[in-house]
Amino acid sequence: STPDDIIICQAYLAFLSSNGDRGEFWRVIHENGLNRERLAGYERAITTEPDFYGHAKDGLINDFHNYLRILKNVHAGADLEKCVEVCRPFLDGHMNQLLEAVLRERGADEGRAIGVVDTITEVRQMLSSRMVNEGDGTKLRDLLYLDLGLEAQLRLMAERSLGAMNEGSLGMDKLTRALALWIALAAENLGITASPGSGKIVDDKSVNSEANEMKACVRDWAEMLQEAHKGVSPGWAVRAMAVVERMRRALGETVEDISSTVQPKAEYLGHGLAMVTPEKIPEKWCITLFSEELIRGGGCAFVLSSYLRKLDKALRAQGGGHIWQIVSAGKPGAQGWVEEVPDLMSVQAKTYSRPTILLANSLSGEEEVPPGVVGVITPDAPDVLAHISVRARNLKVFFATCFDADEFENLGRYIGKAIDCEASGDTVVISETDGTKLGQSSEDKLAEGLSGIKISLPPPAKFTKYAIPESDINPDATPRTFGAKSTNIVAARRMLPKWVETPRSAVVPFGVFEKVLEHPENKEIATQYKTAVEQLHTVDEPTGHLRKLQKLILALNAPKELQEGVRAALRLSGIIADGELEGAEWDEAYIALKGVWASKWNDRAWYSCKKAGIGVEYVQMAVLVQRLVESEYAFVIHTENPSNGATDEMYAEVVVGLGETLVGNYPGRALGFSMKKDGKTPPTVESLPSKSVGLFGGGLIFRSDSNGEDLPGFAGAGLYDSIPMVHNSRRTLMYHREPLIKDQALADKIMRGICQVAVDVEAAFGGKPQDIEGCYRGGKFYVVQTRPQV
């Protein structure tokens with residue numbers, strides 16, 4: 001419902017009371033500022049005259065009087081005056097003056113409404129500080145009701161104003177600035193609601209991460225608002241869209257926090273009341289939808305959502321971004337039956353018997369694409385070079401993000417139908433198709449496509465030593481006792497020009513895990529481990545057994561020889577000094593080492609290997625040990641652009657801090673850009689960053705280096721974990737003061753430097769396309785990993 005529904009309800013009551021006089025209906029409509037055009041312009045248009053049913057007149061009048069009361073309570077701020085009256089005696093003079101101004105102006109038209117909401121925001125900020133320090137329970141209750149009344153008044157005025165905002169009356173430039181100003185106030189008020197009394201400062205020590213995120217968005221948006229007053233340019237629209245995407249995500253987190261807090265209490269009370277007084281709760285949906293209806297009927301969250309939705313369309317119309325992002329073009333495109341799922345994780349264990357295109361409402365980046373799935377469309381925005389994106393391209397699964405909420409909702413009309421979807425430039429073309437002609441599932445097609453490729457692991461390597469220093473790592477040695485990561489990074493260190501830095505490395509090779517498992521101190525664990533592996537192949541739901549195997553690995557005791565061997569190899573490689581990695585430090589290192597071994601049994605690795613016919617128990621795990629570069633920025637670059645297949649163009653993504661937020665698909669987008677290999681044209685920015693957090697820190701990192709990666713026909717990249725020895729610090733990012741965004745000269749230097757690194761790496765590896773991970777710190781570029789680009 002909206003405030004206009006109050007007028008429509010009053011008009012319909014006048015129509016009923018006059019025994020069906022339509023003139024009375026339109027009299028009330030016109031006297032209250034509405035007209036036929038306004039009614040016809042609603043999302044659910046009203047274009048017909050009211051009909052009169054004499055036999056139901058009295059019952060309808062009774063029902064609509066009750067409905068009018070509800071509408072007024074929700075939209076008319078009927079209780080605000082009473083709340084002000086109750087609280088006036090214990091509020092200071094300034095606050096009382098502001099409240100009187102709000103009461104005087106609450107009927108303000110759209111032109112003056114923004115000033116009233118600004119005053120409401122000031123009052124609510126003062127009230128929130130007062131409430132967190134109020135020791136009198138009765139006063140606190142009255143202050144809470146006053147705050148609720150102010151929030152309801154804010155929503156009422158915001159909805160009135162939103163209904164009057166359109167390009168026809170304001171023009172696109174003025175419309176965008178007006179929406180931007182309302183969004184600033186709505187977001188600030190939502191921050192007050194989510195974290196009362198905490199002020200506007202982002203506090204990374206706060207446990208309320210949702211409040212921190214919204215504060216960061218408000219601060220970044222304030223910068224955009226200042227720029228907007230000078231004029232809305234296409235460049236402004238692009239930068240604003242990055243903040244809008246992040247703000248929408250922060251809004252979702254806040255709503256989820258409210259829902260998870262309120263809904264369990266609603267269900268406890270609701271079901272209890274239903275047992276005692278069932279006549280008062282006749283509909284079970286009143287309970288199950290309680291928190292959802294509370295949010296929709298509440299104040300700032302719904303207001304912010306409505307304004308963001310409208311601004312999103314305005315920004316895209318001004319060059320702020322495309323509706324679609326193509327992550328993987330598929331075979332190209334995809335044909336399949338459409339199914340909707342809440343998230344990809346919940347169905348990764350499922351096998352689809354026919355070609356299926358999933359509408360996945362969310363994804364985490366940790367999932368494996370289920371067998372039978374030929375396409376995934378999601379409103380989430382995975383980084384183009386995140387591991388899940390790379391795996392989708394390797395599997396030739398069509399993978400696209402739809403940024404327009406209305407467009408994504410409209411895709412629901414295809415659920416249960418067969419469609420054909422393909423990328424066409426910067427958009428996706430979707431049409432219904434004959435499902436009887438779809439033929440094989442993706443599983444069958446994959447098997448057919450790989451019929452000439454035998455996916456098999458190398459023969460298991462025997463134990464040689466507990467750790468190998470860098471000087472003894474021979475990339476050409478056979479049989480191989482370590483994986484492609486160790487091979488490539490050591491080769492790169494020896495072949496790359498001096499200006500490209502690489503971290504020193506040591507390896508815990510294949511066979512060490514098996515040697516530790518066989519140690520007498522681990523005899524009981526080894527017996528349980530063997531039994532659990534055997535049982536894994538007989539269960540339908542493997543998750544419990546996978547967790548058990550990981551716990552058993554994490555419980556392994558370390559032989560003395562392992563500790564001595566690892567320390568010696570790291571010292572010889574120049575990674576640690578004498579006296580390091582003793583006592584508690586070794587304990588932390590061993591936990592990280594075991595964590596990498598245990599990642600062999602994570603969900604995504606299990607399902608991926610099962611789909612390819614690889615027995616996970618035969619995967620061997622070496623561990624590459626390096627000192628983590630405390631990077632200012634981290635990057636991934638493909639020397640052939642995966643978005644368009646151009647061999648003369650590279651594509652890169654950059655994040656603030658350590659690279660885990662990029663390869664691990666942390667929420668938000670990276671700075672994405674493309675550039676020609678010849679360097680004659682400047683970089684082209686494809687996306688601006690909207691990641692919420694940056695990770696920072698140093699210490700040792702233990703990287704997975706299995707024999708099950710980079711195999712022909714198998715997308716093994718990113719299946720296993722890399723674990724830092726120490727916990728990294730997290731920082732809420734604010735891009736209005738981030739040099740990568742504010743300093744164009746620095747950004748250009750970093751983007752060109754990354755591309756030159758990629759050109760040199762590709763040349764060092766014989767001109768073969770490379771998938772490179774690296775970082776930037778103190779004016780220097782580092783390569784921490786490179787592999788052939790699949």
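Above this note sits the structure.
1. Thoughts on helix H19 (residues 484-495)
So, step 1. Across its twelve residues, H19 extends 16 Å between first and last C-alpha, which sits within 8% of the 16 Å expected from 1.5 Å per residue.
So, step 2. Within H19 the residues assigned to the buried category are Lys485, Ser486, Thr487, Asn488, Ile489, Val490, Ala491 and Ala492.
So, step 3. Against the buried residues of H19 lie strand E10 (505-508), strand E11 (621-627), strand E17 (700-706), strand E18 (722-724) and strand E21 (780-788).

2. Focus: the sheet that holds strand E8 (residues 468-469)
Either a parallel or an antiparallel arrangement is found when strands of a sheet pair, and the pairing is made through backbone hydrogen bonds.
So, step 1. Across the sheet, which stays open at both edges, the five strands sit in the order E8-E10-E11-E17-E18 with antiparallel pairing between neighbours. At either margin of the open sheet sits one strand with a lone partner, and together these are E8 and E18.
So, step 2. When E17 meets E18, the two strands line up antiparallel, connected through three bridges. Note that in E18 the partner of Arg703 across the bridge is Ser722.

3. Details of the side chain of Ser687
So, step 1. Note on placement: Ser687 falls in strand E15 (residues 684-687).
So, step 2. On the basis of relative accessibility, which here comes to 7%, the residue Ser687 falls in the buried class.
So, step 3. One polar contact links the side chain of Ser687 to the main-chain carbonyl oxygen of Ala670, over a distance of 3.0 Å.
So, step 4. Those residues within four positions of Ser687 in sequence are excluded, and the remaining contacts are Arg669, Ala670, Leu671 and Gly672.

4. Here we look at unusual backbone geometry
So, step 1. With an omega of 0 degrees, the peptide bond running from Lys331 to Pro332 counts as cis.
So, step 2. Note that Pro332 resides in the loop between strand E1 (324-329) and strand E2 (334-341).
So, step 3. Here Thr478 and Pro479 are connected by a cis peptide whose omega angle stands at -5 degrees.
So, step 4. Tracing the backbone through its elements, the reader meets Pro479 in the loop between E8 and H19.
So, step 5. Of note in the backbone geometry, Asn19 takes a positive phi value of approximately 55 degrees without being a glycine.
So, step 6. Positive phi values are uncommon outside glycine, yet Leu581 reaches one of about 65 degrees.

5. Brief notes about the sheet that holds strand E6 (residues 418-424)
So, step 1. Taken together, seven strands build an open sheet; the order of strands is E1-E5-E4-E3-E2-E6-E7 and the sheet is mixed. The open sheet terminates on both sides in strands that have one partner only, identified here as E1 and strand E7 (427-432). Averaged over neighbouring strand pairs, the angle between their axes works out to 30 degrees when direction is ignored.
So, step 2. Two elements, E6 and E7, share six bridges in a ladder whose sense is antiparallel. Paired with Ala423 across the strands is Val428, a residue of E7.
So, step 3. Lying over the sheet, helix H16 (residues 387-394) contacts E1 and strand E5 (398-402), oriented at roughly 55 degrees with respect to E1.

About the criteria used
- Residues numbered from 1 in each chain as written.
- Predicted model: local features only at pLDDT ≥ 70, side-chain atom pairs only at ≥ 80, totals over all residues.
- Heavy atoms only, no water.
- Helix = DSSP H or I, 4+ residues; strand = E, 2+ residues; numbered from the N terminus.
- Expected span 1.5 Å × (residues − 1).
- Buried < 20%, exposed > 50% of the residue type's maximum accessible area, 1.4 Å probe, protein only.
- Contact = heavy atoms within 4.5 Å.
- Pairing = 2+ DSSP bridges.
- Polar contact = N/O pair within 3.5 Å; in protein donor to acceptor, adjacent residues only side chain to side chain.
- Axes fitted to C-alpha atoms, helices over the stretch in contact; angles between N-to-C directions.

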